[in-house]
Structure formats: structure tokens, C-alpha cells
Amino acid sequence: MTRIAAVILAGGRGERLGGVNKALLALGDRTLLDRAMAVTRGYKTLLAVGSARFEAPGDLEQVLDLDTGYAGPLAGVAAAVQHLADSAIDLLFSLAVDTPLFPADFVSRARDLLHASPAVLAAYGEQDYPTNAVWRLSALSSLPDAVRNGTAPRSLKRLALGLGAARLDYAPLTDSDPFRNANTPEDLAFLGRALERRDGG
């Protein structure tokens, strides 16, 4: 049986939202972190928090960036890979914490594409979202050491490109982008309205 772990990428600084911790922002009746945890329920879930811990609900295992010059989502994935190095996990599902419309069927659809590729990233039309992806853990086994010695790509997009990742495009499946994330107050307002429509609020 394939074993899957998830990492919620929550190390962003939310600078365009006034420097707030986006993970703890409320959208509707739940925080963005609560919504991400609902997506990863059923998987062993790690929380990549950058360089500083914060109080999070549940029994999430927090992982800190490795002590290198790398930061951002790639550093969070590298930290998760390091944490899982001696585990029996086969696949790593990475999810940006600020993606509240994330489709529940993404992982099952991505697994169907993994026979031909070591990774599958989310896409909507021509827009790629490499923070939201399913990775074969074996394909990332050298990433922590590459981060330490400075030879790793500087972004998940470049990492995915180097691996020859497949794209899982939701444009044919839905008329709105389910991977839109919350970077600005305008994004938050849009996502709040979209959640109300989706949930019948």
C-alpha cells in the first residue's frame, strides 16, 4: 500500500497582508490552517513553519527550515523530506496553507499521473502552482543535502521542472481556479465570497 504524508507550507510572512501569520487568519468560521488540515486529514501531516514555531491546533508535527540560506516553500519541502527520511512514506503531498478552495480529489487524481512522472503539480490553465503537488519521496531524497551545500534549485518551480513533473490542470474540470491563494486583502475578500458560494452560505 502506498503511504502518503502531507506537509502544509505555512512559513510565509504575509507581508502584503500587514505581516500577519496567514495560517491563523480566519476565513469564514475557520482559519486557513484549519481548512488546510481538513484537506490533509487522513495523512500523517507536518507543518512547515519557516524559522519560528507558532502555536497550532491538533497534533501537527512542526518542522523548521534547515539551517541554510534557503527559505520559502522549497525550504519547507526540504525540511519535510529530512523529517521523513527514515520513514516508510512513499509520497509527499505539499499544500500551501493559504489555498482554501483546494479540491478534495487532487491527491487521488495526481496519483493516477505518477506512473509516468516523479511528481505532479497543480495547474489551472497556464498557471502552475508548484507549492501544491504530490512528490515521490525517493525523487527528493537528495534535496536536504543539496540545500545544505547550495546546489538545490531556488524554487519549487525549478525543482519540479528539473524532475520533469507532470501538470494536473483543473481548467477542464472547473470554471474557477481552485488553487488561488491569499496574498492580499483583495484575495481574502474574493476567497471569502467564493467559499460562501461553494458552501451555500
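Caption draft 1: Molecular detail of the overall build of the chain. When its secondary structure is counted, the chain shows six helices and nine strands. Taken along the three principal axes of its C-alpha coordinates, the chain extends 45 × 35 × 30 Å. Considering the chain as a whole, with its 201 residues, one finds that 47% of them fall into the buried category. Counted over contacts in the chain with a minimum sequence separation of 6, partners at least 24 positions apart contribute 69%. Per element, the accessible surface of the chain, about 10100 Å² overall, is 48% carbon and sulfur. The averaged location of the 23 negative side-chain charges in the chain is 2 Å from the averaged location of its 21 positive side-chain charges.

Caption draft 2: Region of interest: the nonpolar core. Counting 30 residues, the largest nonpolar core has Val77, Leu92 and Trp135 as its most contacted members. Counting only elements with at least two residues in this core, the list comes to β1 (4–9), β4 (44–48), α2 (73–83), β7 (119–124), β8 (127–136), α4 (143–149) and α5 (156–163). Counting residues per element, this core draws most heavily on α2, at seven residues. Sequence-distant contacts of Val77, defined by excluding residues within four places in its chain, comprise Leu9, Leu92, Ser94, Leu140, Leu143 and Leu156. In terms of nonpolar packing, the next biggest core, distinct from the first, is built from 28 residues, Leu33, Phe93, Leu95 and Ala110 among them.

Caption draft 3: Region of the structure containing the side chain of Thr131. Considering the arrangement of structural elements, one finds Thr131 in strand β8. Take Thr131: its relative accessible area is 19%, and that puts it in the buried class.

Definitions and cut-offs
- Residues numbered from 1 in each chain as written.
- Predicted model: local features only at pLDDT ≥ 70, side-chain atom pairs only at ≥ 80, totals over all residues.
- Heavy atoms only, no water.
- Helix = DSSP H or I, 4+ residues; strand = E, 2+ residues; numbered from the N terminus.
- Buried < 20%, exposed > 50% of the residue type's maximum accessible area, 1.4 Å probe, protein only.
- Contact = heavy atoms within 4.5 Å.
- Areas by Shrake-Rupley, 256 points an atom, 1.4 Å probe, with all protein chains shown as cover.
- Lys, Arg positive; Asp, Glu negative; His and termini not counted.
- Charge placed at Lys NZ, Arg CZ, Asp CG, Glu CD.
- Core = buried A, V, L, I, M, F, W, Y, C linked by side-chain atoms within 4.5 Å.

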